[in-house]
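# Analysis of the macromolecular model
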There are 2 protein chains.
Amino acid sequence: MTPMEKLERCFARISALNDAVGLLSWDRDVMMPAGAGERRASDLATLEGLRHALLTAEENAALLVEADPGDDPWRRANLAEMRRQHARAVAVPGRLVEALSEACSKAEMTWRAARQASDFAALRPALEEVLALTREQAVAIGEALDLSPYDALLDGFDPGMREATITPIFAVLAQNLPPLMQKILARQEGQSKSGHAGIAPYPLALQEKLGRTMMARVGFDTQCGRLDVSAHPFCGGAIRDVRITTRYDEMDFLPAFLGAMHETGHALYEQGLPKAWEAQPVGAARGMTLHESQSLLLEMQVTRSEAFAKFAAPLMQKLFGDNGDWKTETLHRQMTQVKAGFIRVDADEVTYPAHIIARYDLERAMIGGQLAVRDLPEAFNARIKELLGIDVPEDRLGCLQDIHWPLGLWGYFPCYALGALTAAQLYEAAGRAVPGLEAEIGTGNLAPLLGWLREKVHARASSVSTMRIIEDATGRPLGAEAYLAHIRRRYLDEVA
Amino acid sequence: MTPMEKLERCFARISALNDAVGLLSWDRDVMMPAGAGERRASDLATLEGLRHALLTAEENAALLVEADPGDDPWRRANLAEMRRQHARAVAVPGRLVEALSEACSKAEMTWRAARQASDFAALRPALEEVLALTREQAVAIGEALDLSPYDALLDGFDPGMREATITPIFAVLAQNLPPLMQKILARQEGQSKSGHAGIAPYPLALQEKLGRTMMARVGFDTQCGRLDVSAHPFCGGAIRDVRITTRYDEMDFLPAFLGAMHETGHALYEQGLPKAWEAQPVGAARGMTLHESQSLLLEMQVTRSEAFAKFAAPLMQKLFGDNGDWKTETLHRQMTQVKAGFIRVDADEVTYPAHIIARYDLERAMIGGQLAVRDLPEAFNARIKELLGIDVPEDRLGCLQDIHWPLGLWGYFPCYALGALTAAQLYEAAGRAVPGLEAEIGTGNLAPLLGWLREKVHARASSVSTMRIIEDATGRPLGAEAYLAHIRRRYLDEVA
C-alpha cells in the first residue's frame with residue numbers, strides 16, 4: 001500500500017466514526033430515553049477520542065509528508081485537507097483538549113441554569129475559564145498554521161475564512177442595515193396586519209404531511225434520509241442517511257414548515273456531495289458558511305418569496321381543507337414580517353445580521369483580550385442598541401441567550417450572516433444563469449435551481465475554497481450587495 | 001496508572017464501541033432509510049475492526065500478564081474475562097477474520113435467494129466455504145484455549161458451555177419429548193378449539209398500548225429503554241438504553257404481545273446488570289443461555305401460564321373494549337396450543353427443543369467432518385422425522401430456514417433449548433423460594449419474581465460461570481427435569 005492509500009484508509013475509518021457520532025447524536029435528540037443521557041455523553045466523548053487518536057496516529061505525520069497524490073486535483077485537494085486536519089489536531093496538546101472539553105461541559109450546565117435565572121454572574125467564572133482555554137487553543141493552532149488566534153478559530157468552522165475578509169463586509173452591513181430597517185418598519189407599520197393563512201389549530205398530522213410533501217417537491221431524497229421531531233430543528237445523520245428534524249406548534253404552522261425547509265436546504269447540500277469521495281475529507285461539505293447558505297437560500301430566498309407563496313398557498317388550501325382560506329398574499333406577508341427583537345434565533349432576515357455583527361465584534365474583542373468577560377453584558381447591550389435600536393431589559397434576552405460561547409464555539413457566529421449573504425449572491429446568480437427561474441418556482445418546480453446548485457456548489461465539496469466556489473458560481477467575491485439588493489427589493493419594492 | 005487501570009480504560013473504550021454498534025444496528029433495523037444499507041454495513045464493519053484493534057493492541061498482552069486485580073472477586077473475574085476475550089481475539093489471524101467476514105456476507109446474500117427458491121444447491125458452495133473457515137477458526141481458538149473445536153465455538157456465545165454438558169441433557173430430551181408430544185397432541189385433539197380471545201381486527205394502537213402496559217407492569221424501565229417495530233423482534237441498544245422491538249398483525253394480537261414479552265425478558269436482564277461494572281467485561285450478561293432463559297422465563301413460564309391469563313384477560317377486555325369477549329380460559333388455551341411444525345421460530349415450547357437437538361447434532365457432525373454439506377438436507381429431514389414425526393416437503397421448510405449457519409453462527413443453536421431448560425429450572429426454584437409466587441402473578445404483581453431474578457441471576461453478571469449461577473439459584477446443576485415436569489404439568493395435568 002502506498003502512503004496515499006494508507007492515508008485514504010485511515011480517513012475512511014475516521015469517516016465511519018463520523019457517521020457513528022452523527023447517528024448517535026441524532027438519536028440522543030430524537031429517540032433516546034432520558035435515563036441514557038449521561039452514558040450517551042460518555043460514549044460520544046469516547047468516539048471523539050478514538051477519532052482524534054486515529055487522526056494523530058504516529059505514522060500519519062510521516063505519511064502526510066511522503067504521500068504523492070499524483071496529478072488528480074481531487075486527490076491533491078484531499079491530501080491538503082488531510083494535512084490541514086492533522087495539523088490542527090496535533091497543534092493542541094492532549095491536556096488542553098481534555099481541559100477544554102471538561103470546562104465546556106461544566107459551562108454548558110451552568111449556562112442552562114444561569115440563562116433561566118437571567119444571572120450572568122453565575123455563568124461568569126465558567127465562561128472565563130472556557131475563554132482562557134479557547135484562547136490558548138487558538139494561539140496553539142494559530143502558531144501551527146501561521147494564523148492569528150481568531151483566524152485559527154474561524155478556520156475550524158470555515159476553512160479559509162479570515163477576519164480580514166469578514167470585517168469590511170460586516171462594516172457595509174452595519175452601515176446600511178439600521179436605516180434600511182427603520183424604513184421597512186415604517187412601511188410595514190402602515191400596512192394591514194390582519195389575517196392569517198388558514199385558521200388555527202393546524203392538525204399536526206397535516207403539518208407533517210405538508211413538510212414531507214414540500215421536502216420531496218424540492219428534491220430531498222427520502223431513500224437516503226428522514227424527517228423527525230426534536231426540540232430544536234437540525235440536520236445531522238450520516239453519509240447516505242441525512243436526517244433533519246423540525247418541531248410542531250398546533251397554533252402556528254409556520255415554524256415547523258420553515259424549519260423543515262431550512263433543514264432541507266442543509267440536507268440537499270449533503271445529498272448532493274460527490275459519491276466517489278464521500279468517505280474522504282475532500283468529499284465533505286466545504287464549511288459552515290456554504291452550509292448555512294444552502295439552508296438560507298431555500299428558506300429565505302425561495303420559500304419566503306412571492307413566487308413560492310403562489311405555488312404553496314393553493315397546495316396548503318387543498319391539504320388543510322377545513323382550516324379556512326389560504327391566500328398567496330396573506331401567506332407571503334406572514335413570511336416577511338420584520339421586527340427588531342431580542343432573540344437571534346427568532347429574528348427575520350432583515351434584522352438577523354445585526355445580531356451576528358454584535359457577537360462577531362464582541363467575541364473578537366474577548367479573544368483579543370480587549371474585552372473582559374465581566375464587561376460583556378454592558379458591551380452586548382450597547383451594541384444591540386446601536387444596531388437594532390432596542391434596550392435589552394435582562395441578560396436572558398441578551399448575552400445569555402446563546403449556547404455557543406459556553407460550549408466553546410468561538411468564531412462560529414459569523415457563518416450565519418455570511419451564509420445569508422452567500423445565499424442572496426448565489427440566488428441572484430442562479431436567476432441570471434437559469435432563464436425563467438422564478439416562474440418555475442411559482443409552479444413548484446425547483447429542479448432547475450437545484451440543478452444549478454448541484455453543479456456550482458454541492459458537487460465541488462471541499463475540492464476548492466469557500467471563496468473560490470462563491471466567486472466561480474457568481475462571478476465575483478463574496479459581498480453584501482446582493483443581500484442588500486434583495487432586502488430592498490423584497491421589503492421596499494426598490495429595484496436597483 | 002497501574003496495568004489493571006490501563007486495561008479497565010481500554011475495555012471501557014471497547015464498551016463505548018459496543019454501544020455504538022448496538023445503536024447503529026438497532027437503527028438499521030428500525031429507522032434507517034433503505035438507501036443507507038450498504039454504507040451502514042461498511043460503518044459497522046469498521047467499528048468492529050476498531051474494536052478488534054483495541055482488544056488486540058500490542059501492549060495488552062503484557063498488561064494482561066502484569067495486571068494485579070487484588071482480592072476483590074469482581075475485579076479478579078473482570079481480569080479473567082479480559083484474558084478470555086483477548087485470547088480468543090488474538091488466536092484468529094487477521095486474514096482469517098477478514099476471509100470469514102467476507103464469506104459470511106456472501107453466504108447470507110446467497111441464502112436469502114436460495115431460501116426463497118428452496119434451492120439448497122444454490123447455497124451449497126457458499127456454505128461450504130463458511131464451514132471450512134469456521135472450522136479453521138474453531139481449531140485456532142481451540143488450540144489457544146485448550147478446547148475441542150466445537151467447544152471453542154460454544155464458548156464464544158456461552159462462556160464455559162461444553163459439549164460434554166449438553167449432550168447428556170439433550171439425550172434425555174430426545175428420549176422423553178417424542179412420546180410426550182404424541183400424548184399432548186392426542187389430548188388437545190379431543191379438546192374444543194373454538195373461540196378466540198377478543199374478535200379481530202385488533203387495532204394496532206391498542207395492541208401497542210397492551211404491550212407497553214404489560215412491559216411497564218413486569219418491570220421494564222422506560223427511562224432506560226424503548227419499544228419499537230421491526231421485521232423481526234429483537235432486544236438490542238446500549239448500556240442504560242435497552243431497545244426492544246416487536247411486530248404487529250391486525251388479525252392476531254398474540255404474536256406482537258408474546259414478542260414484546262419475550263424481548264422484555266431479555267431487557268429486564270440487561271436492565272438488572274450491576275451499574276458499577278456496566279462498562280467492563282465482568283458487568284455484561286453472562287451468555288446466551290442465561291439470556292434466553294430470561295426471555296423464555298417471562299414468555300413461556302409466566303405469560304403463557306394460567307395465573308397470568310387470569311390477570312391479563314380482564315385487562316385486555318378493558319383495553320380492547322369493543323373487541324368481543326376475553327375469557328381467561330380461551331386466552332390461556334390460545335397460548336398453549338401444541339403442533340408439530342416445520343419452522344423453528346414458530347414452534348411451541350413442547351416441540352421447540354426437537355428443532356434444536358436436530359441442529360445441534362448436525363452442526364457438530366459438520367464441524368467434526370463426519371457430515372458433508374452436500375448431505376445436509378437428507379440428514380436434516382431424517383432427524384426431524386425422528387424427533388417430530390413429520391416429513392419436510394422442501395428445504396425452504398427444512399435446512400434452509402435459518403440464517404445462523406450461513407452467517408457463521410455455529411455453536412449458537414444449543415442456547416435456545418438450554419435457555420428453555422434453565423427457565424423452567426429457575427422458575428421452579430423461584431416458586432420454592434418465594435411464597436405465593438403464582439398467586440401474585442395472578443394479580444399482575446411480578447415484583448417478587450423479578451426481585452428474585454435480580455438477585456440470583458441479573459446482579460451476578462459475568463462474575464461467575466453460567467453453570468455456577470444456575471446451581472446457586474436452583475440448588476442443582478442444569479438438567480431437563482424441571483422443563484419436563486413443567487410440560488407434564490401444564491399440558492397433561494400430571495403433577496410429579
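Worth saying up front: this structure is predicted, and the values here are computed from it rather than measured.

Residues and elements named next belong to chain A. Segmentation of chain A into domains returns domain 1 (3-148) and domain 2 (149-496). Each of domain 1 and domain 2 has a C-alpha centre, and the two are 26 Å apart. Opposite the 48 residues of domain 1 that make contact, domain 2 presents 53 residues. The contact between domain 1 and domain 2 buries some 4100 Å² in all, and 68% of this surface belongs to carbon and sulfur atoms. The largest per-residue losses of area from domain 1 upon contact with domain 2 belong to W26, W74 and F120, which jointly make up 18% of the total buried on that side. Linking domain 1 to domain 2 there are three salt bridges. E81 serves as the salt-bridge partner of R286, at 2.8 Å between the closest nitrogen and oxygen.

When glycine is set aside, most residues are seen to have a negative phi, and most peptide bonds are trans. Note the cis peptide between A200(A) and P201(A), where omega equals -5°. Here P201(A) lies in the loop between α8 (163-189) and α9 (204-218). With a phi angle near 60°, D146(B) is a residue other than glycine that sits in the positive phi range. By the element assignment, D146(B) lies in the loop between α6 (120-145) and α7 (149-157). One non-glycine residue, R240(B), lies in positive phi territory at about 60°. Counting through the fold element by element, R240(B) comes out in the loop between β2 (235-238) and β3 (241-246). Judged by relative accessible area, which is 29%, R240(B) ranks as partly exposed.

Attention now moves to the UniProt feature "active site" (unreviewed entry) in chain A. Residue and element names in this part refer to chain A. Here, UniProt's "active site" (unreviewed entry) annotation points to E263. Residue placement: E263 occurs in helix α10 (residues 254-271). When neighbours within four sequence positions are excluded, E263 is seen to be in contact with P233, F234, C235, I244 and T245.

As a further point, take the sheet that holds strand β2 (residues 235-238) of chain A. All names here are of chain A. A sheet is described by the order of its strands in space; here three strands give the open sequence β1-β3-β2, paired in mixed fashion. With one partner strand each, in any of the chains shown, β1 (225-229) and β2 form the two edges of the open sheet. Each strand axis lies, on average, 25° off the axis of its neighbour in the sheet, ignoring direction. As paired strands, β2 and strand β3 (residues 241-246) are joined by four bridges and run antiparallel to one another. Across the sheet, residue G236 finds its bridge partner in β3, namely R243.

Bringing α7(B) into the picture now. Residues of α7(B) that are buried: Y150(B), D151(B), A152(B), L153(B), L154(B) and D155(B). Of the surrounding secondary structure, the elements contacted by the buried residues of α7(B) are α4 (73-91), α6, α8 (163-189), α14 (352-368) and α16 (414-433) of chain B.

Our next topic: the side chain of T289(A). Residues and elements named next belong to chain A. Mapped onto the elements, T289 comes out in helix α11 (residues 288-303). Of the residues examined, T289 reaches a relative accessible area of 0% and is grouped as buried. Excluding residues within four positions of it along the chain, T289 makes contact with D158, M161, C415, L418, G419, T422 and T466.

By a widely used convention, the size of an interface equals the accessible area lost when the partners come together. On the chain B side, the residues contacting the 33 residues of chain A number 33 residues. Interface of chain A and chain B: buried area, both sides summed, is about 2600 Å²; carbon and sulfur atoms make up 62% of it. On the chain A side of the interface with chain B, the three residues burying the most area are M31(A), P33(A) and R39(A), jointly 23% of the side's total. In this assembly, chain A and chain B are joined by six salt bridges. The salt bridge partner of D27(B) is R243(A), with a shortest N-O separation of 2.7 Å. In this structure, the connection of chain A to chain B is made through twelve residue pairs in polar contact (both at pLDDT 80 or more).

In the superposition of chain A on chain B (RMSD 0.0 Å, axial shift 0.0 Å), the rotation amounts to 180°. The two molecules are tied by a two-fold rotation axis, judged by turn and shift. Across chain A, the smallest distance between a C-alpha and the rotation axis is recorded for A20(A), namely 3.3 Å.

Quick look at the side chain of Q301(A) now. Residue and element names in this part refer to chain A. With respect to the helices and strands, Q301 occurs in helix α11. On the basis of relative accessible area, Q301 is assigned to the buried category, the value being 4%. Of note is the side chain of Q301, whose polar atom sits 3.5 Å from the side chain of H486. In contact with Q301, other than residues within four places in its own chain, are L296, A423, A424, Y427, H486 and R490.

Now for the packing of helix α1 (residues 3-30) of chain B against α4(B). Residue and element names in this part refer to chain B. The geometry of α1 relative to α4 is characterised by a closest axis approach of 11 Å and an angle of 65° between their N-to-C directions. Every pair of crossing elements has a handedness; the one defined by α1 and α4 is left-handed. Contacts from M4, L7, E8 and F11 in α1 reach R75, N78, L79, M82 and Q85 in α4. Of the residues that constitute the contact of α1 with α4, the class distribution is five nonpolar, two polar and two charged.

Residue and element names in this part refer to chain A. Here the UniProt-annotated "binding site: Zn(2+)" (unreviewed entry) positions come out as H262, H266 and E292. These annotated residues cover 31 residues of sequence, but their C-alpha atoms sit close together, with the largest distance between any two at 9.0 Å. Within the fold, H262 resides in helix α10. Ignoring sequence-local partners within four residues, the contact set of H262 consists of E292, S295, L296 and E299. In this structure, E292 sits in helix α11. Setting aside anything within four residues of it in sequence, one finds E292 in contact with H262, H266, C415, Y416 and G419.

Now for the nonpolar core. All names here are of chain A. Grouped together as the largest cluster of nonpolar side chains are 128 residues, with contacts concentrated most on F170, F308, L376 and L449. Of all the elements, helix α16 (residues 414-433) adds the most residues to this core, at twelve residues. Residue-level mapping places this core at the junction of two domains, with at least three residues from each of domain 1 (3-148) and domain 2 (149-496). Apart from residues lying up to four places away in sequence, F170 is in contact with I356, I357, Y360, P414, A417 and L418.

What counts as what
- Residues numbered from 1 in each chain as written.
- Chains lettered and ligands numbered in written order.
- Predicted model: local features only at pLDDT ≥ 70, side-chain atom pairs only at ≥ 80, totals over all residues.
- Heavy atoms only, no water.
- Domains from an automatic or database assignment.
- Contact = heavy atoms within 4.5 Å.
- Buried area = accessible area lost by both parts, 1.4 Å probe.
- Salt bridge = Lys/Arg side-chain N within 4 Å of Asp/Glu carboxyl O.
- Helix = DSSP H or I, 4+ residues; strand = E, 2+ residues; numbered from the N terminus.
- Buried < 20%, exposed > 50% of the residue type's maximum accessible area, 1.4 Å probe, protein only.
- UniProt positions renumbered as here; feature names shortened; annotations may be inferred.
- Pairing = 2+ DSSP bridges.
- Axes fitted to C-alpha atoms, helices over the stretch in contact; angles between N-to-C directions.
- Polar contact = N/O pair within 3.5 Å; in protein donor to acceptor, adjacent residues only side chain to side chain.
- Least-squares fit on C-alpha atoms with pLDDT ≥ 70 in both.
- Left-handed = near helix turned anticlockwise from the far one by under 90°.
- Nonpolar A, V, L, I, M, F, W, Y, C, P; charged D, E, K, R; others polar.
- Core = buried A, V, L, I, M, F, W, Y, C linked by side-chain atoms within 4.5 Å.

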